[in-house]
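# Close look at the chain arrangement
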Amino acid sequence: AEGESFCNRVKERKKLQNNINNNINTVIVSPRRFGKSSLILYVLNELKISYGRVDLFVALDEATVAREIIDGVNGLLNLVIGKPEQLISSMKDILKKVNTKWSIGTDGVTIELTRKEKNDNALAVRDALIILDEILKKKNKTAVFFIDEFQEIAIVAEAKGIEGAIRSVAEKSKNLVFIFSGSNRHALSSMFDDRSRPLYMLCDKITLGRIEKDDYITFINKAAIKKWGQSLTNDFFEKLFYFTKMHTYYVNLICGRLFSENNSTPTALAVEDCWWQYIIEE
């Protein structure tokens, strides 16, 4: 959900903005399809801050996790650097501070940081993040590193070392702010609330709930007036909330279909027909 399509989340947006501005790492928790990524990306675009995004949903093992994070580091490096030649020159000193060996290649205007050898995955993640943090210091810039579906690290048994690698950088950095999000509340709780885990008490927590009825009504009616010149009826909203239980994904689904398929203002009956059609499809 981008631009005018983004609905509410005023308190959560303000809290996340303040955390980023004050160098506070954040973990955002909610069931899937509640709008975690939309919230984070909306705030990052509001702040006009450089960020790297990693999605661990496809992570199968520790090596995949490490590769995805290093790819995210590469993407963010290329956002914050100027000329690649200047970066390569400045990185010689930085590489002396890390234990792993890296190759720096250029392809046009992009930098590719790759491991020379198969080092320990946790060590490689730590050193890649250290390199990124050092570059940000040299550039006097702040950036955000956003890791989505972060609970997948907990599911990969060996990846506890990667949790420690992330913490070792996150708790010291003044230039790199971390945002983690995930949908498995139990797994995330064990990662961030268990004092025996590396990420214990590292982050402020934001839990996303359902958007309130009044906020939905205001938002949807604004779109209805723009499309049909009038607001929707109370019966329309009663049916919409009855079927969707105000789950963001289903509200989007039903309203998306009704707004694209109707030349006139849809009724409560149209909501019911649309819902049962969806049920049949599923």
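None of the values given here were measured: they were computed from a predicted structure.

Strand pairing within a sheet occurs via backbone hydrogen bonds; the two strands may be parallel or antiparallel. Read from one edge to the other, the open sheet built from 5 strands follows the order β2-β5-β6-β1-β7, with strand pairing classed as parallel. Each of the sheet's edge strands pairs with one partner strand only, and the pair in question is β2 (50-55) and β7 (204-207). For this sheet, the mean angle separating the axes of adjacent strands, direction not counted, is 20 degrees. Strand direction decides the pairing type here: β2 and strand β5 (residues 143-148), joined by 6 bridges, are parallel. Pairing of Tyr51 across the sheet is with Val144, part of β5.

What follows covers the pattern of salt bridges. For the structure on display, the rule yields 14 salt bridges. In this structure, Lys239 and Glu272 form a salt bridge, with 3.2 Å as the shortest nitrogen-oxygen distance. Placement of the pair is Lys239 in helix α10 (residues 234-244) and Glu272 in helix α12 (residues 268-281), with a sequence separation of 33 residues. Here Arg257 ties to Glu281 by a salt bridge, and the two come within 2.9 Å at their closest N and O atoms. Placement of the pair is Arg257 in helix α11 (residues 248-261) and Glu281 in helix α12, with a sequence separation of 24 residues. Several salt bridges share partner residues, and in doing so they unite Asp133, Glu134 and Lys137 into one network.

Quick look at the packing of aromatic side chains now. Considering all chains together, one arrives at 17 aromatic pairs under this definition. Summarising the aromatic geometry, the rings of Tyr216 and Phe241 are spaced 6.2 Å apart at their centres and angled 35 degrees between planes, so their arrangement reads as tilted. With Tyr216 in helix α9 (residues 213-228) and Phe241 in helix α10, the pair connects residues that are 25 residues apart, well separated along the chain. Here Tyr216 falls in the buried class, since its relative accessible area comes to 4%. In this structure an aromatic cluster arises from ring pairing among Tyr242, Phe243, Tyr249, Tyr250, Trp275, Trp276 and Tyr278. Taking the ring centre of Tyr242 as reference, the NZ or CZ of Lys245 above it sits at 4.8 Å.

Membership of the largest hydrophobic core comes to 46 residues, with the highest contact counts inside it found for Leu129, Phe145, Phe150, Ile162, Ile166, Leu176 and Phe180. For this core, the secondary structure elements donating two or more residues are β1 (26-29), α3 (62-80), α4 (84-95), α5 (121-139), β5, α7 (160-170), β6 (176-182) and α8 (185-192). With 9 residues, the top contributor of residues to this core is α5. Among all residues touching Leu176, those that are not within four sequence positions of it are Asn23, Asn25, Leu76, Leu129, Leu132, Asp133, Leu136, Ala143, Val144 and Phe145. By size, the runner-up hydrophobic cluster in this structure holds 24 residues, among which are Ala224, Phe259, Ala270 and Cys274.

Volume-wise, the largest pocket comes out at about 1000 Å³. Lining the largest pocket are 34 residues, with Ala1, Ser5, Phe6, Ser38 and Asn252 sitting closest to its centre. Per element, the largest residue contribution to the lining of the largest pocket is 8 residues, and it comes from α11. Looking at the lining of the largest pocket, its residues break down into 16 nonpolar, 7 polar and 11 charged.

The next thing to look at is the side chain of Gln151. Tracing the chain through its elements places Gln151 in the loop between β5 and α6 (152-155). Assessed through its relative accessible area of 3%, Gln151 is described here as buried. Within the structure, Gln151 has its side chain in polar contact with the side chain of Glu149 (distance 2.6 Å). Within polar-contact distance, the side chain of Gln151 engages the side chain of Glu152 at 3.3 Å. Those residues in contact with Gln151 that sit more than four places away from it in its chain are Ser181, Gly182, Ser183, Asn184, Ala187, Leu188 and Met191.

About the criteria used
- Residues numbered from 1 in each chain as written.
- Predicted model: local features only at pLDDT ≥ 70, side-chain atom pairs only at ≥ 80, totals over all residues.
- Heavy atoms only, no water.
- Pairing = 2+ DSSP bridges.
- Helix = DSSP H or I, 4+ residues; strand = E, 2+ residues; numbered from the N terminus.
- Axes fitted to C-alpha atoms, helices over the stretch in contact; angles between N-to-C directions.
- Salt bridge = Lys/Arg side-chain N within 4 Å of Asp/Glu carboxyl O.
- Phe/Tyr/Trp six-rings, centres within 6.5 Å; stacked < 30°, edge-to-face > 60°.
- Buried < 20%, exposed > 50% of the residue type's maximum accessible area, 1.4 Å probe, protein only.
- Lys NZ or Arg CZ within 6 Å of the ring centre and 35° of its normal.
- Core = buried A, V, L, I, M, F, W, Y, C linked by side-chain atoms within 4.5 Å.
- Contact = heavy atoms within 4.5 Å.
- 1 Å grid on protein atoms, 1.4 Å probe; cavity = no way out; pocket = protein on both sides within 12 Å on 5 of 7 lines; lining within 4 Å.
- Points joined across faces, edges and corners; volume = space filled by probe spheres on them.
- Nonpolar A, V, L, I, M, F, W, Y, C, P; charged D, E, K, R; others polar.
- Polar contact = N/O pair within 3.5 Å; in protein donor to acceptor, adjacent residues only side chain to side chain.

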